[in-house]
Structure formats: C-alpha cells, structure tokens
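One-letter residues, chain by chain:
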Amino acid sequence: MKNFFATPLRDEDFKKKNFCYETWIGNCFYAWDCGKAIGRYLEGLKEGKILGVKCPKCERIMVPPRIFCEWCFVLVEDFVELKDTGKINTFSISYISWDMKRLEKPQIPAVIEIDGASPGYGILHLISEVDPKDVKVGMRVKAVWKEEKEREGKITDIKYFRPY
Amino acid sequence: MGRRVAIVGAGMTKFVRRAKETGKELAYYAAKAALDSCGAKLKDIDAVVLGSAPDTFDGVHMKGEYLSCGAGAFGKPYLRCYVGGGTGVFSVAVGWYYIASGIFDTCLVVCEEKMSSYQPHPQGAFLTIFDHTTERPLGPNLLWIFALEMQRYMQTYGIKKEEIALVAVKNKKNALDHPAAQIAQEITVEDVLKSEVLCYPVQRLDVSPVSDGACAIVMTNEYLARRFTDKPVWVSGVGWCLDTAYWTNRDLCYPRYVEEAARMAYKMAGIRNPRREIDVVEPYDPFDYKELHHLEGLLLCDRGEAPQLLVDGKTQRDGELPVCPSGGLLGVGNPISAAGLMKVIEIFWQLRGEAGKRQIAKKAKRGLAQAWGDLMQVGTVVILEV
Amino acid sequence: MEQKENRKKEIIHFFGQLPVESLYTAGIAGERFLLGLKEGKFLANYCPDCDFVFLPPKLYCEFCFRELKEEDLKEIENKGILLSYTFTHIDTNGNRLENPIIVGVIKMNGTDTGFVHKLLNKIEDIEIGMEVEAVFAPKERRRGSINDIVGFQRID
Ligand SMILES: [Zn+2]
Ligand SMILES: [Zn+2]
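Here's a quick rundown of the structure.

Reading guide: rules and limits
Residues numbered from 1 in each chain as written. Chains lettered and ligands numbered in written order. Predicted model: local features only at pLDDT ≥ 70, side-chain atom pairs only at ≥ 80, totals over all residues. Heavy atoms only, no water. Pairing = 2+ DSSP bridges. Helix = DSSP H or I, 4+ residues; strand = E, 2+ residues; numbered from the N terminus. Axes fitted to C-alpha atoms, helices over the stretch in contact; angles between N-to-C directions. Contact = heavy atoms within 4.5 Å. Donors = N, O, S within 2.8 Å, 3.2 Å for Na, K, Ca; no water. Tetrahedral: all angles 85-135°; square planar, octahedral: opposite > 155°, others 65-115°. Buried < 20%, exposed > 50% of the residue type's maximum accessible area, 1.4 Å probe, protein only. Core = buried A, V, L, I, M, F, W, Y, C linked by side-chain atoms within 4.5 Å. 1 Å grid on protein atoms, 1.4 Å probe; cavity = no way out; pocket = protein on both sides within 12 Å on 5 of 7 lines; lining within 4 Å. Points joined across faces, edges and corners; volume = space filled by probe spheres on them. Nonpolar A, V, L, I, M, F, W, Y, C, P; charged D, E, K, R; others polar. Buried area = accessible area lost by both parts, 1.4 Å probe. Salt bridge = Lys/Arg side-chain N within 4 Å of Asp/Glu carboxyl O. Polar contact = N/O pair within 3.5 Å; in protein donor to acceptor, adjacent residues only side chain to side chain.

1. Section: the sheet that holds strand β10 (residues 122–126) of chain A
Taken together, the five strands give an open sheet; going across it, the order is β10-β9-β6-β11-β12 (chain A), and neighbouring strands pair in antiparallel fashion. Edge positions in the sheet fall to β10 and β12 (158–163) of chain A, since each of these pairs with one other strand and no more. Each strand of the sheet is rotated relative to its neighbour by a mean of 45 degrees, with strand direction disregarded. Sheet topology note: the strand β6 (residues 85–91) of chain A/strand β9 (residues 109–114) of chain A ladder contains five bridges and is antiparallel. Bridge assignment links Ile-88 of chain A to a residue of β9 of chain A, and that residue is Ile-112 of chain A. Against the sheet, helix α5 (residues 143–157) of chain B makes contact with β6, β9 and β10 of chain A, and its axis sits at roughly 95 degrees relative to β6 of chain A, the strand it touches most.

Structure below.
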C-alpha cells in the first residue's frame with residue numbers, strides 16, 4: 001500500500017458534486033434536565049440573582065453551582081447569593097458565527113470572575129456597551145439584566161455585562 | 001513495569017480538506033501501509049485499538065463499529081478510545097498497556113477522522129462541547145475557548161502576537177517537507193498578523209485546518225519486535241490526565257493537566273531532567289500559541305518562556321530542541337485523532353533516521369509526542385526512545 | 001430554545017437542538033458500485049485469497065486485508081434469493097404508516113453477502129427463499145445511488 005495517499009476533492013469538484021454521495025439531516029431535539037444545581041441557578045437568574053455554592057469542607061465558593069465539590073468529593077447543598085459584578089479574566093472579540101460566517105457586529109465573549117465567589121471562579125458571558133478596543137483583562141463589569149417580566153430562568157436573563 | 005513495548009511499523013494517508021474515500025477506506029490505507037512497512041500480515045495482529053473523535057464529524061453513530069473492518073479488526077478484540085483531541089496520543093497509551101500487560105503480543109493502533117462529512121462547516125460539530133444550559137444559549141463558536149485561553153496566556157506573561165506567529169511560520173514551513181501535508185507554505189509573521197481576524201486574538205493563519213485522514217502503527221513486545229524490524233522504537237513512558245470540565249473556574253494561562261500527564265510519563269521513563277533528556281518534541285499545535293503553552297506544560301521551559309526559545313531559533317530542526325519537525329497540525333493538517341498519531345509517527349521516524357528532508361540535525365535518542373483536547377482539559381503524552 | 005416549568009415553578013428541562021447535517025462520499029469502492037447501478041448493472045468483487053464475493057464491492061477484503069482493485073470487479077446477474085424480510089408499520093418517529101414498508105435481505109446469485117432493499121410485492125406474495133430481481137428506476141432518473149434500484153420483486 002502506498003504511504004501518504006488519499007484522493008482529494010478540490011473545491012470545484014465539491015461544488016459541482018461530480019462524485020457519488022448522499023446527504024442527511026439529523027433530527028436531534030433534546031430536553032436536557034437542568035439538574036438540581038443548575039435548576040436552582042436558573043431560578044436565581046429569574047429573580048435577578050447570581051447564585052453560587054459553598055463546599056462545607058474546603059469552603060470554596062463556586063459558580064456555576066454544582067451539587068458536589070470535585071476536589072473534596074462531598075455533597076454541596078449550601079447556596080449563596082453572589083454579587084452581579086465581577087472582573088474580566090479573559091475575553092475575545094469574535095467576528096464569526098458557529099458555522100464560520102462573518103458577523104456584522106462582533107461579539108465579545110469573556111470569562112467573568114464573579115464578586116463573592118472564590119478568586120478565579122468565573123462564568124462565560126458576553127460584554128457590551130463598550131468599544132471592543134477598550135476592553136481589558138481585569139476590567140470591572142456589572143450584569144445588565146432583562147426586565148423582570150421578561151426573565152425566563154435562562155442564562156440570557158442577563159443580557160450581557162458592561163463596564164462600570 | 002510489564003513487558004517492554006515497541007513500535008515497529010507506521011503508515012498514514014495524505015491529509016486533505018475533503019477526501020473522496022470513505023472513513024473505512026482511509027483507515028484501510030493507513031492500517032495496510034503500517035502493516036506493509038514492517039512486513040506484517042493482518043493475521044499477525046492480536047488486537048486492534050481505534051482512536052476517533054466524536055461521531056458527529058463522520059456523521060456515523062457508533063463510529064468504532066463502523067470503522068472496524070477498515071481498521072483490520074475483523075474477528076479480533078477491538079476497542080475504540082476517545083479523549084477529544086488527546087485521542088491520537090492516548091490510543092498509543094492504550095496499545096502500550098495491551099502489550100505491556102502481556103494480554104496481547106501484537107496490536108494495531110489506527111486513528112481516523114473524516115471531518116468533511118459535517119455540513120455546512122465542521123466547526124459546528126464542536127458546539128456541543130459548551131454546556132447546553134449555561135453556555136450554549138449565548139451563541140458560542142468553537143474558537144471562543146481558544147481565543148479566551150490565548151488572550152489569558154498572552155496577558156499573564158506579556159507575550160506578543162508577533163512572537164506567537166513565529167510558530168505558524170516555522171510549522172507551515174517544516175510541513176513543506178512532509179509528503180502528507182495539507183497546508184504547507186512559506187509565510188511570514190506579517191502574513192499571520194494581516195490574516196483575517198476570526199476571534200481576536202485568533203487570526204486565520206493562527207489556526208490549523210479541518211482535515212480528512214488516517215494514521216496507523218504496529219506495536220509489539222520485546223520478544224517479537226525484531227521479527228518485524230531491525231530498528232524497533234521503544235515506548236518508555238505514557239501519561240494522561242484530565243482537569244475539571246468547569247473550564248471557567250481554572251486559570252487558562254497554564255495547562256496543569258499537561259504537566260500532570262508529562263510527570264507521569266517522565267517518571268515511567270526514568271527522566272529527571274526533561275530539558276536535557278528529551279531530544280525532539282511534537283507538542284500539539286492546533287493553534288500556534290498551543291505549541292508554546294504545551295512546551296511549558298511539558299516542563300521543557302519555564303512558564304511564559306517558550307516564546308523566547310522560538311525567537312532564539314532553538315526550536316528549529318537544527319536547534320537545541322527541535323519542536324514539531326513534522327510541520328505539526330498547522331502545516332500537515334488536523335484530522336483530530338489522526339493528527340495526534342501523526343505526531344507519534346513523526347517521533348518514530350525521527351528516532352529511526354527515516355524522516356527524510358525533515359530529519360533533525362542532532363542525533364536523537366529520545367522524543368516526546370503530546371496531544372490535548374476535550375474542553376481544554378486533557379493532556380496525553382508518549383515518550384519514545386531507541 | 002424553550003424550557004418547561006412544573007407547578008412549583010422549578011426549572012426542570014432545557015430544550016434544545018443539535019444541528020447535524022452530513023454529506024457522505026460514496027468512497028472509491030462505493031462509487032464503482034453506484035456507477036454500475038446507474039448503468040443498470042450489479043458489480044461485485046472477489047477476493048481470491050478468501051474465495052469470497054462481496055456485494056457491494058469493497059476497497060479491501062476485510063478478512064485478509066488484500067486490496068481489491070478496479071480490475072477485480074465482475075458483473076453478476078440480476079437475480080437473487082430472499083433470505084429474510086420484515087413489514088414495518090411505523091416511521092422513524094414512531095408514527096403509524098398507512099401502507100407498511102416491506103424490506104428484505106437478498107443474496108444475489110454468485111455473491112457471499114446479503115443486501116438490504118425494499119420489496120415491491122404484496123405481503124401475501126412474499127416468502128423466504130423466493131427468487132427476486134431488482135427493478136431499476138428509469139435510466140434518466142438514476143444518479144448513482146442505492147435508490148437507482150426502486151426495489152426487488154418476485155420472479156415466477
Ligand atoms: Zn471542597
Ligand atoms: Zn481476502
């Protein structure tokens with residue numbers, strides 16, 4: 001057998017589809033159970049609060065909440081209300097969508113360390129109301145919530161975080 | 001530590017953006033080439049290990065079973081292993097314990113990926129790595145996590161993009177000498193910095209491509225190795241480790257899990273000072289900054305110091321510590337699990353002096369291949385020596 | 001994405017979707033086979049080491065790993081035996097079908113492998129062991145696909 005062999009389809013071959021093929025669109029709908037900890041987290045978001053959990057053993061305050069501490073491997077049941085402020089741990093400016101299409105307006109995803117949680121405990125969210133050029137690691141930010149009646153118990157009940 | 005384990009043969013397909021071959025056919029090309037390279041027949045093989053990334057890429061559920069006949073597994077003990085991008089190197093660790101334990105005398109390790117089946121763009125198949133409830137509603141794309149990690153790495157140690165871009169320049173150039181390479185080219189730092197910004201700080205030329213391809217190796221024990229080859233390459237250490245899936249809770253500036261995996265492998269190989277004892281290294285480079293990040297995790301330099309090795313030219317093929325002489329994922333291509341195994345195969349060829357134009361200047365006795373994956377959380381390491 | 005709440009206003013489910021769309025190349029051996037169907041022919045291949053005939057043809061013999069080349073293809077006659085069959089009354093989502101779909105496993109004469117396809121006869125006319133033949137779609141509708149065969153029917 002020849003080493004380093006394969007038959008590449010060039011872009012134009014692919015566009016013209018001058019080869020035998022079949023296509024298929026999967027029907028993948030799911031109902032994911034939120035579970036105890038994330039269910040409670042979402043209820044908190046609906047009330048305009050960010051909830052964390054505290055490990056009874058190592059006393060870490062973790063967010064997003066979970067019902068166990070993966071270090072101590074003990075059950076964690078103590079929910080604590082955190083602030084809705086924090087600082088940017090890291091960020092990006094994204095110009096593309098999930099399927100590699102160009103976005104008109106860039107998004108700014110960031111890991112935000114939440115005030116009241118142990119140092120380094122962040123969540124993934126978006127930054128807005130700021131020129132992308134001015135975003136910095138370490139910048140203080142605050143959650144911008146949806147109106148109470150519009151909140152549904154989703155991570156998007158926080159519209160984004162903005163510098164403050 | 002059980003029986004000594006050798007790699008005695010290796011083969012691989014060309015890496016391409018879209019292959020006309022099915023996944024099974026790609027697996028066959030690689031597996032057959034590996035067997036032929038050491039004069040082995042399928043009947044000489046006791047067991048088969050398959051490495052392959054999520055089923056979503058090929059669009060085939062139970063991909064292990066689907067690929068089994070092309071991987072040479074008909075009527076044999078067979079197992080598919082999967083630890084995300086870390087799979088290619090991990091599959092060699094699985095092959096190692098098959099042989100070291102004495103359960104099997106010979107084993108064929110095959111890694112295959114056909115990412116092009118996923119439409120409209122394979123990137124979409126990665127979406128599910130984000131938490132479905134707390135992250136995916138934010139509309140992420142795969143590059144977010146890499147961009148966030150790269151930014152954190154740059155900020156923590158004050159590393160410039162110009163320095164990181166040198167990795168892409170080096171690897172794409174090294175790949176010009178690799179017969180399987182998909183996107184080998186001569187580029188400049190300027191080209192990288194001017195390429196399309198995808199997800200700042202990640203730009204087009206910082207990223208490896210999506211690919212179709214397969215790789216395979218033949219492994220055996222110390223008693224049989226010389227029946228297959230005069231130049232067996234010994235697996236002296238393997239290591240793997242996983243960090244938490246709560247990726248926003250750990251400091252992305254340093255891959256702790258790679259360090260843990262490396263320490264496990266160094267200990268097994270009796271290596272006390274990896275900086276002196278490792279001659280050539282193939283760290284995982286799906287993005288240019290990852291090569292640097294991983295060199296630090298592998299303890300081959302201090303934290304934040306990898307860019308200096310690169311700037312000083314020490315990681316070139318004629319340098320003190322050649323890094324990715326193959327051309328890496330950035331140059332040869334990135335059919336996920338196959339890319340990891342390609343790195344092990346490159347070390348195999350380098351140690352046997354069979355890397356052709358890619359052969360490094362110094363005489364290499366010991367080399368290391370590493371891969372990384374899942375939600376930026378798994379490190380897998382294999383150490384080879386002659 | 002939507003979610004459901006129970007009476008206590010606890011949030012229990014989160015609904016979502018995974019986008020999955022695939023395009024499969026038929027591959028090297030698959031294309032040899034499908035282009036044969038487009039011509040109204042069945043092409044199989046033979047491994048001399050294992051004395052085994054594959055239909056559809058493969059790129060390699062999975063038993064001995066010999067490469068099977070284009071020149072190893074041979075045309076076989078359009079005639080086979082029904083090995084097994086089933087009537088399916090529900091679709092993939094579990095909905096009741098008005099007319100059941102009948103599928104069978106057919107062993108074409110001169111081959112050593114089974115082959116799945118639809119059966120075109122009425123339920124009462126079907127029995128294991130009966131001789132069948134493929135009914136091809138009109139030539140202009142064939143595109144190099146397994147559906148270039150409409151189905152198999154009984155030969156009396
Ligand atoms: Zn704890
Ligand atoms: Zn055969």
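Further notes follow.
2. Section: the coordination of the zinc ion (ligand 2)
Residues and elements named next belong to chain C. Taken together, Cys-47 (SG), Cys-50 (SG), Cys-61 (SG) and Cys-64 (SG) make up the protein donors of the zinc ion (ligand 2), found 2.3 Å from the metal. Its four donor atoms give the zinc ion (ligand 2) angles of 104 to 117 degrees at the centre, a pattern that matches the tetrahedral case. Linear spacing of the donor residues for the zinc ion (ligand 2) on their chain is C-x2-C-x10-C-x2-C. With Cys-47 in strand β3 (residues 42–47) and Cys-61 in the loop between β4 (52–54) and β5 (73–76), the pair connects residues that are 14 residues apart, well separated along the chain. With a relative accessible area of 0%, Cys-47 lands in the buried category.

3. Focus: the nonpolar core
Within the largest apolar cluster, 161 residues are counted, with the highest numbers of intra-cluster contacts made by Ile-50 and Phe-161 of chain A together with Met-219, Trp-247, Tyr-266 and Leu-384 of chain B. With 11 residues, helix α14 (residues 336–352) of chain B is the single largest residue contributor to this core. Leave out the neighbours within four places in its chain, and Leu-384 of chain B touches Ile-7, Val-233, Trp-234, Val-235, Val-344, Ile-347, Phe-348, Leu-351, Lys-365, Arg-366 and Gly-367 of chain B. Val-8, Ala-34, Leu-50 and Ala-73 of chain B belong to the second largest nonpolar core, which has 37 residues in total.

4. Some words on the coordination of the zinc ion (ligand 1)
Geometrically, a metal with four donors at the corners of a regular tetrahedron has ideal angles of 109.5 degrees, and one with six donors at the corners of a regular octahedron has ideal angles of 90 or 180 degrees. All names here are of chain A. Distances from the zinc ion (ligand 1) to its protein donors, Cys-55 (SG), Cys-58 (SG), Cys-69 (SG) and Cys-72 (SG), fall within 2.2 to 2.3 Å. All donors of the zinc ion (ligand 1) belong to a single chain; written as a sequence motif, their spacing is C-x2-C-x10-C-x2-C. With Cys-58 in the loop between β3 (50–54) and β4 (61–62) and Cys-72 in the loop between β4 and β5 (78–82), this pair connects stretches of sequence that are 14 residues apart. Judged by relative accessible area, Cys-72 falls into the partly exposed class, the value being 23%.

5. A few points about empty space enclosed by the protein
According to the stated counting rule, one finds one cavity of 30 Å³ or more in the structure shown. If you add up the space inside the largest cavity, you get close to 30 Å³. The wall of the largest cavity is formed by Tyr-41, Pro-64, Ile-123 and Leu-124 of chain A together with Thr-134, Glu-135 and Thr-248 of chain B. Looking at side-chain class alone, the lining of the largest cavity contains four nonpolar, two polar and one charged residues.

6. A closer look at the interface of chain B and chain A
Listed as interface residues are 58 residues of chain B and, on the opposing side, 51 residues of chain A. Summed over both sides, the interface between chain B and chain A buries roughly 4700 Å², with carbon and sulfur atoms accounting for 64% of that surface. Where chain B meets chain A, there are two salt bridges. The closest approach of N and O atoms between Glu-196 of chain B and Arg-102 of chain A, which form a salt bridge, is 2.6 Å. If you look at where chain B meets chain A, you find 24 residue pairs in polar contact (both at pLDDT 80 or more). Within the residue set of the side of chain B that touches chain A, elements represented by two or more residues are β1 (5–12), α1 (23–37), β5 (118–119), α5 and β6 (197–200) of chain B. With seven residues, the top contributor of residues to the side of chain B that touches chain A is α5 of chain B.

7. A short note on the sheet that holds strand β2 (residues 21–25) of chain C
Strand order across the open sheet formed by three strands is β1(A)-β2(C)-β5(B), with antiparallel pairing between neighbours. Each of the sheet's edge strands pairs with one partner strand only, and the pair in question is β1 (21–25) of chain A together with β5 of chain B. As paired elements, β1 of chain A and β2 of chain C share five bridges and run antiparallel to each other. Across the sheet, the residue bridging to Glu-22 of chain A is Tyr-24 of chain C, located in β2 of chain C.

8. Brief notes about the environment of Arg-256 of chain B
Residue and element names in this part refer to chain B. Here Arg-256 lies in helix α9 (residues 256–269). Given the relative accessible area of 44%, Arg-256 is considered partly exposed. For the pair Arg-256 and Cys-241, spaced 15 residues apart in sequence, the C-alpha separation works out to 9.1 Å.

9. Quick look at the interface of chain C and chain B
The partner chain B presents 31 residues to the 25 residues of chain C that form the contact. For the pair chain C and chain B, the two sides together bury roughly 2300 Å², of which 64% comes from carbon and sulfur. Taken together, chain C and chain B are joined by one salt bridge. Taking the shortest distance from any N to any O, the salt bridge between Lys-20 of chain B and Glu-31 of chain C comes out at 3.0 Å. Applying the counting criterion to the chain C and chain B interface returns 12 residue pairs in polar contact (both at pLDDT 80 or more). Looking at the side of chain C that touches chain B, the elements with two or more residues in it are β1 (13–18), β2 and α1 (27–38) of chain C. Tallied by class, the residues present in the side of chain C that touches chain B amount to 15 nonpolar, five polar and five charged.

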